[in-house]
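Understanding the architecture of this molecule
Listed below, chain by chain, are the residues.
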Amino acid sequence: MLASLLAQADWVAPTIDWHALAPELVLVVGINVILGVDLLIDESKKWAIATMTGFVMLGALVPVVTLAVVGDDSRSMFGGRYVVDEYALILKALFLLTAYIIILMSQTELEEGGYYQGEFYVLMVASVLGMVMMSSARDLVSIFVALELLSIPAYMLAAWNKRDVKSNEAGVKYYLLGVFASAILLYGMSLLFGTANSTLLTDIGASLVDGELVGLQVVGVVFVICGFAFKISAVPFHSWAPDTYEGAPTPVTAFLSVASKAAGFVALATIIFVAFPGASDVYEPLVWVLAALTMTIGNVLALRQTNIVRLLAYSSISQSGFILMPLAFAGNERAAGSALNAVVVYLLIYALTNLGAFATVIAVSRKTRSGEISSLGGLFGYAPGLAVAMTIFFASLAGVPPLGGWFAKFNSFRAVLDAETTAAYVLATIAAVNTVIAAGYYMRVLRVIWVEEAPDGDVSPVRIPTPIVTALGITAVGTIVLGVLPGLVARFGDLQDLTGAFAP
Amino acid sequence: MEILTDSASNWILSVGVFLPLLGVLAMMFVPKTDEVLIKGIGIATAGATLAVGIVTLILFDYDKSGELQFFVDAEWIEVINSRYVVGLDGISVGLYILSMAVTFLTMVYSWNNMPAAGNPKAFFSLMLILQTGMAGTFVAQDLILFFVFFEVVLLPMYFMIGVWGGEDRKYASLKFFLFTMFGSAFMLVAFLALYFQTGAESFGFAHLIEMGQSIDHDVQVWIFAGMFLGFAIKVPMFPFHTWLPDAHTQAPTEGSVILAAILLKLGTYGFVRIALPMLPEGAVEWAPVIGILAVIGIIYGALGCLAQTDMKRLIAFSSVAHMGFVMLGISTLTPLGINAAIFGMVAHGLITGMLFFLAGSIKHRYHTLEIKRLSGMLLQMPRLGWILGFCAMASLGLPGLAGFWGEFPAILSAYSPNFGLSEELFRTLMVVAAIGTVLAAGYLLWLYQRTAFGEVSEEFSGPTPHPVGAGVNDDPHHDHQADIHDVTPIEWIAWTPFLITIVVLGVYPQLLFGVMDQPVIDLVDRLGVALG
């Protein structure tokens, strides 16, 4: 019966490239295994789940590596809707590695807090699965599914401290605004689908032609970009970020501000380069304004923060502005190549640095039990190693050579100036001023660490759990090495790596 | 055989630049409490670095000082066409060695003069990182490499001021950091603009010098403006100088010495090495502005000095004035002026560095630097008093000492500026600058008169020292008398090389002029060709 139905519908089963799908499959199997083990395992042995999740992430990384080694050409599936190219691979690697580091950071926090460990990791793997899919999705529907798959577990993770009012607030705010943004995005997508009669990004790309855009298409493009602007917490869609970041458990905050944000950028970059090259008249000014607002307002508000996590929240908003900046010139034939490269390289370096910054905050707050910046006083005296690590990460965020951040910022500037238009020079100048403003608050934190006395006079040394030490080690070494030898990552995100991208 | 020596001497610059980092690495494995070992490692590393520098000096071919020597061109960041290019020529050799010598001697001085906050491990590590940044800036021949080294010094100096500084150190350190960061952000934009305007092929100096002159006139002026901001803040030129008095006054002695002796030169060096040769037309347009601001700096700095009540702050303001002479020399775009400027950089490094050492030692003894409380130093500590006198003379530009050869030719060169720059303007500037030297003599002699001459003030002339070992040293409010003693052996070791070099360069300036003359003439010739 089924066979005859299939025959009538003239349906051919798609050929599936199992190797290309292996990372996703490992994660899917991982989700089920973790869920199963969590049911069977004794409460006192729940710690093993974190280790297991870590192995799932590393396990999923294996096919990514083999694909990179084997693959010379991109693997396209489902009629071009799901593509595994070099662009997708480097981002998958980024998401999996980020998730691994975040698991290291969450481990002790969850064990000691008596949280629901099994469920936590299942949700996190599910969210990572969404991100990994996002890097390959080349179709409006698969992008949307990936986005929801990565967002919905994140809403729950944000509210994980369920007895803490702030955490509840974090979850609800994130959820409500997230759903709102999804609706806008979906509406925009439906308009694009309506005019292009296809959900495939390349088809939409063919239907959009600068100068001949109809009103519906303009609205569609604007709505799609605004929908993602929420995800990457671009001003004026950022209002959820500080509260959510502050209320959520700190490892989750790290997850949101690095992985989830990166996923938003990946989707945005894919759409802009594959579907919107013909709509550059619409999205370029929009992104220009978003970038300028995001970096400026994020920075100015960060100046006033007294809570370290809120400070990092605003700093991550302003960093979004820097990542967004080159996309404002993605349609410029000179700057297009370096724009995609700038976004990918920035995401890679920013992930390491920001994760490190959060790891230090987690380590310190284990002792100080406070999120206030002033509570960091005296750190250099009683925990010099931690103080130096924090210095590395904050200085890298500020963009001080020879730490990773400088190259990310530099590359962003380079991509913008490559356009050689007045708009580019103006935006670069705004960004230059913002670099200085940002240095103001990053340095203020460092000053507290190095100069001030411990506020409560407690100078007993900090005991840092091994997983966090590992996380700190990976991120600190990564930040320094990428600062001195940025060539290691600088070639990623080449325009040719992104299949179907607009090639000037 | 020849190839062997070549390859052997080619990596000598890289060794000289990165050796200090090895010392930092070694120090990380020493417990914080083992201060003697830490200081030992630090000084040994700086000494080894200086030794490498001296070997470089010996291997340097002085007949070819116009060419880059020990040249290395290796792959670095291929994607952005930036390469690891280092080389040394007559313009940079003096500053390169100076940076090594100053770091080494400052560390020797710190042996028993650690600032109050203690923690030699961090202090010595920061100085070594600083050393890498400074030496790297002087050998870098690639714009991005230069930028990275230029910025490397930022954080260590920020912490040096912030942690080991005086009472107002928080304000001063942040001000220092933000000012410099502001400049470098625009400098970076200017570098990138230059890169794209020259065809986005390379960040190498040689390429940019060759291609830069063909950029449109107006674009050159704009790019020069960006670089000007970055370098002028570092120099610092009036009106960007306001971070300097604060930073100097609050910095620990060692920080002040390194700041004055080397860090300020990064800015002037940038003008000579990057801004002028790469943007000839921009340089000609900006030269009058630079000249005017330089002379304002000379007069303003001098007047500022006259108003100071704190000795260290006075020396800081004198730096503004002295760097004004350096910038005036550069702005004339003449071989004489630029030669004078580079000589002035080295001389100012030695003399002002020495003055800051003295200020630190005086503070150590009297616990104050307030000029009106100090007097009769010559009676109480004759040797220290004489050294102060010597340095004050050198600083005011007394012929026969190094300071003279930085100032006098700079003023002289303003008489006939190059490339059609307005003679009226520059001759006016010359006259005003000359008045500046008179003021310099005024404030320095006045300072010397007030602090060294006269009777020892009541406050510090108490009865003969307390019996040794009576525990008085533990009391913070004990009679100052116990701390007042003449120059210590460690100070002699740290200072003698400075004093000797000041005399040697003063008596035989050809030593330095001879090395840098050729590259400077080449530089100006290239400017001439570019400007047609």
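Reading the values: rules and limits
Sequence positions are assigned chain by chain, starting from 1 and proceeding in written order. The order in which chains are written sets their letters, starting at A; the order in which ligands are written sets their numbers, starting at 1. At least 70 in pLDDT is required for a residue's local features to be given in this predicted model, at least 80 for side-chain atom pairs to be given and counted, and no such filter applies to totals for whole chains, interfaces and linings, which use all residues. Values reported for side chains reflect all heavy atoms of the structure, with hydrogen atoms and water molecules removed beforehand. Each helix is a run of DSSP H or I of at least 4 residues and each strand a run of E of at least 2, with the numbering of both proceeding from the N terminus. It is over C-alpha atoms that the radius of gyration is taken, and the globule rule equals 2.2 Å times the number of residues to the power 0.38. Three labels apply to residues, based on accessible area from a 1.4 Å probe with only protein chains included: buried if under 20% of the type maximum, exposed if over 50%, partly exposed otherwise in between. Any two residues whose heavy atoms approach within 4.5 Å are treated as being in contact. Reported accessibility uses the Shrake-Rupley method at a 1.4 Å probe radius. Residues are deemed covered only where the shown protein chains occlude them. His is not counted, nor are the chain ends; Lys and Arg add positive charge and Asp and Glu add negative charge. Lys charges are placed at NZ, Arg charges at CZ, Asp charges at CG and Glu charges at CD. In what follows, salt bridge is the name for a side-chain nitrogen of Lys or Arg lying within 4 Å of a carboxyl oxygen of Asp or Glu. Buried area counts how much accessible surface, traced with a 1.4 Å probe, disappears from two parts once they are put together, with both parts' losses summed. Think of it as three bins: nonpolar holds Ala, Val, Leu, Ile, Met, Phe, Trp, Tyr, Cys and Pro, charged holds Asp, Glu, Lys and Arg, and polar takes everything else, Gly as well. For helices, the fitted axis covers only the stretch in contact; all axes are lines through C-alpha atoms, and the angles between them, taken along N-to-C directions, range from 0 to 180 degrees. Angular relationships are summarised with four words: roughly parallel below 35 degrees, roughly antiparallel beyond 145, roughly perpendicular across 65 to 115, and oblique for the angles in between. By definition, turning the near helix anticlockwise from the far helix through less than a right angle yields a left-handed crossing, and turning it clockwise yields a right-handed one. Paired strands are those between which DSSP finds at least two bridges.

**Points about the overall build of chain B**
A tally of helices and strands in chain B yields 21 helices and two strands. A globule of 532 residues ought to have a C-alpha radius of gyration of about 24 Å, and chain B, at 23 Å, matches this closely. Taken along its principal axes, the extent of the C-alpha atoms in chain B is 75 × 55 × 45 Å. Within chain B, buried positions represent 64% of all 532 residues. Taking the contacts inside chain B whose residues are at least 6 apart along the sequence as the reference set, 79% of them involve residues at least 24 apart. Working note: accessible area of chain B is about 18,300 Å², and carbon and sulfur atoms make up 65% of it. Where the 21 positive side-chain charges of chain B centre and where its 40 negative ones centre are 9 Å apart.

**Points about the side chain of B:Thr451**
Mapped onto the secondary structure, B:Thr451 falls in helix α19 (residues 423–452). When residues no more than four places from it in sequence are discounted, the contact partners of B:Thr451 are B:Ile371, B:Leu374, B:Ser375, B:Gly376, B:Met377 and B:Leu388.

**Some remarks on the side chain of B:Gln141**
Relative to the assigned elements, B:Gln141 resides in the loop between α5 (120–139) and α6 (143–152). Contact partners of B:Gln141, with chain neighbours within four places excluded, come to B:Leu68, B:Val85, B:Val86, B:Gly87, B:Gly204, B:Phe205 and B:Arg273.

**Regarding the pattern of salt bridges**
In the structure shown here, the tally under the stated rule is 21 salt bridges over all chains. Note that B:Lys170 is salt-bridged to A:Glu452, the shortest N-O span being 2.8 Å. Here B:Lys170 is found in helix α8 (residues 169–197), whereas its partner A:Glu452 is found in the loop between α18 (422–451) and α19 (466–484) on a different chain. The exposure class of B:Lys170 is partly exposed, given its relative accessible area of 31%. The exposure class assigned to A:Glu452 is partly exposed, which follows from its relative accessible area of 28%. As a salt-bridge pair, B:Arg383 and B:Asp486 come within 3.7 Å of each other at their nearest N and O atoms. Of the two residues, B:Arg383 sits in helix α17 (residues 382–395) while B:Asp486 sits in the loop between α19 and α20 (489–507), which places them 103 residues apart along the sequence. Residue classification places B:Arg383 among the partly exposed positions, given a relative accessible area of 48%. The network of salt bridges with shared partners includes A:Lys166, A:Glu169, A:Lys173, A:Asp243, A:Glu246 and A:Arg310.

**A few points about the environment of A:Val400**
Among the secondary structure elements, A:Val400 is positioned in the loop between α16 (384–398) and α17 (405–418). Once the C-alpha coordinates of A:Val400 and A:Val172 are considered, the two residues, 228 residues apart in sequence, prove to be 37 Å apart. Those residues in contact with A:Val400, other than ones at most four positions away along the chain, are A:Ala395, A:Trp406, B:Glu151, B:Leu155, B:Phe177 and B:Met181.

**Let's talk about the interface of chain B and chain A**
Counting residues at the interface gives 36 residues for chain B, matched by 41 residues for chain A. Taking both partners together, chain B and chain A bury about 3,300 Å²; carbon and sulfur atoms supply 81% of that area. Take the side of chain B that touches chain A: its biggest share by element is 17 residues, from α8(B). Its residues assigned to classes, the side of chain B that touches chain A comprises 28 nonpolar, four polar and four charged.

**Some points on the packing of α17(A) against α8(B)**
Between α17(A) and α8(B), the shortest axis-to-axis distance is 10 Å and the interhelical angle comes to 45°. Judged on the interaxial angle alone, α8(B) and α17(A) are oblique. For the pair α17(A) and α8(B), the crossing hand works out as right-handed. When α17(A) is examined against α8(B), the residues A:Phe410, A:Phe413, A:Arg414, A:Leu417 and A:Asp418 are found in contact with a partner set consisting of B:Leu188, B:Val189, B:Leu192, B:Ala193 and B:Phe196. Across the contact of α17(A) with α8(B), the residue classes tally to eight nonpolar, no polar and two charged.

**As for the pairing of strand β1 (residues 69–77) of chain B**
All names here are of chain B. The pairing of β1 with strand β2 (residues 82–88) spans six bridges and is antiparallel. Opposite Ile-77, over in β2, you have Ser-82 as the bridge partner. The hairpin formed by β1 and β2 contains four residues between the paired strands, and Asn-81 there has a positive phi angle of roughly 60°.

**Some words on the packing of α5(B) against helix α12 (residues 253–278) of chain B**
All names here are of chain B. Running from N to C, α5 and α12 cross one another at 20°; their axes reach a closest spacing of 11 Å. Judged by the inter-axis angle, α5 sits roughly parallel to α12. In the packing of α5 onto α12, the handedness of the crossing is left-handed. Of the residues in α12, those in contact with Phe-123, Met-127, Leu-130, Met-134, Thr-137 and Phe-138 of α5 are Glu-254, Ile-258, Ile-262, Leu-263, Lys-265, Leu-266 and Tyr-269. Taken together, the residues that form the contact of α5 with α12 break down as 10 nonpolar, one polar and two charged.

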